[in-house]
Amino acid sequence: ETFTGRLEDVITQRIHPDDRPKVEASNQSVVQQKKPVPLEYRIIWPDGSIRTVWAEAGELLLDQDGNPAELSGIVQDITERKQAEAERRQLEEKFSKAFHTSPDSININRLIDGLYIDVNEGFTQLSGYTPQEVLGKTSGKINIWVNPEDRLRLVEGLRKNGEVLNLEAPFRVKDGQVKTCLMSARVLDINGEPCILSITRDISERKQAEGAYRKISQSNADALSLAKMSYWDYDIQKGNFIFNERF
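What comes next concerns the included structure. (Residues numbered from 1 in each chain as written. Predicted model: local features only at pLDDT ≥ 70, side-chain atom pairs only at ≥ 80, totals over all residues. Heavy atoms only, no water.)

**What about the sheet that holds strand β8 (residues 193–202)?**
Here is the rule: Here the rule is simple: two strands pair whenever DSSP picks up at least two bridges between them. A run of H or I in DSSP counts as a helix once it spans at least four residues, and a run of E counts as a strand once it spans at least two, with each numbered from the N terminus. Only the contacting stretch of a helix is used when fitting its axis, a line to C-alpha atoms as for every element, and angles between N-to-C directions run 0 to 180 degrees.
The strand order β5-β4-β8-β7-β6 describes an open sheet built from 5 strands, whose pairing is antiparallel. Both outer strands of the open sheet, β5 (116–119) and β6 (163–172), are each paired with one neighbouring strand and no more. On average, adjacent strands in this sheet sit at an angle of 30° to one another, irrespective of strand direction. Relative to β8, strand β4 (residues 105–110) is paired through 6 bridges, and the arrangement is antiparallel. Among the inter-strand pairings, R110 is bridged to a residue of β8, identified as C195.

**What about the nonpolar core?**
Test applied: Buried Ala, Val, Leu, Ile, Met, Phe, Trp, Tyr and Cys residues form a nonpolar core when they are joined through side-chain atoms within 4.5 Å. Residue exposure (1.4 Å probe, protein chains only): buried if accessible area is under 20% of the type maximum, exposed if over 50%, otherwise partly exposed.
The biggest cluster of nonpolar side chains holds 21 residues, and the ones touching the most others in it are W145 and L154. Among the elements of the structure, β5, α4 (121–127), α6 (148–161), β6 and β7 (178–190) are those that each provide at least two residues to this core. If you look at the next biggest cluster of nonpolar residues, it comprises 7 residues, including I15, I43, V53 and A55.

**A word on the pattern of salt bridges**
Opposite charge on two side chains makes pairing possible when the charged atoms of those side chains draw close. The condition is simple: Put simply, a salt bridge is a Lys or Arg side-chain nitrogen that is within 4 Å of an Asp or Glu carboxyl oxygen.
Tallying each qualifying case throughout the model produces 11 salt bridges. For the salt bridge of E80 with R51, the shortest nitrogen-to-oxygen distance reads 3.0 Å. You can see E80 sitting in helix α3 (residues 79–101) and its partner R51 sitting in strand β2 (residues 50–62), a full 29 residues away along the chain. For E92, the salt bridge is made with R88, and the minimal N-O distance between the two is 3.7 Å. With E92 and R88 both in helix α3, this residue pair falls 4 residues apart, about one helical turn. Judged by its relative accessible area of 45%, E92 falls in the partly exposed class. Three or more residues are tied together by salt bridges with common partners; here these are E40, R81, K82 and E85.

**Description of unusual backbone geometry**
Glycine aside, the phi torsion of most residues is negative, and most peptide linkages are trans. Its identity as a non-glycine residue notwithstanding, N143 has a phi of 60°, on the positive side. A relative accessible area of 41% means that N143 is categorised as partly exposed. A positive phi angle, near 55°, is found at N191, a position not held by glycine. With respect to the element layout, N191 can be found in the loop between β7 and β8.

In short, geometric facts, not functional conclusions.
Given below as structure tokens:
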């Protein structure tokens, strides 16, 4: 797009109203101080669309009396870059909100050695460790993995597939208690460093309940067998009848 005419008219017609004062001030500064001033501002296309540009005044030509005569510069359209930056900030804000408000334990560790980079409140509630106690330390240093082989399985799966879902493993928390947890994780790149973003949930109570149910079920089955009894079940709606022949 080409803009021609008097500078005042171009500024009035093509520079976004909110950015006009700083563009005018920049032009005056260049003329007075004879130094280029990088500037970011918005321009309005003839179709009404708004683009963001980065501009810098360059060469200032003087007339034979040494007075400013002509000023040139460069302009670069950075609209797409600014949009991408805005979208990235929005994603970062959403991630940060989810990270810090999740009741599950979420932490970011270096893939190579398990060094803690960040943890949320859910991690503290699960493990008993505060961020100050773990950040900058490795998971091996705080001895949180009951079986180091489980971390090796995690790392192997991440290196192979980029993510690991529902890894069940025991973890040793700050007070020495062992909790059974379910972890899902994926590889995250942070400044060129492969890291682990993991979400962990305590399933100790569920596992205890499942174990108790299995014991009760086995006890009932043993009792039926000793009494030479069996049981049957009839699904009235489907018409299915089940008879367990155990005498």
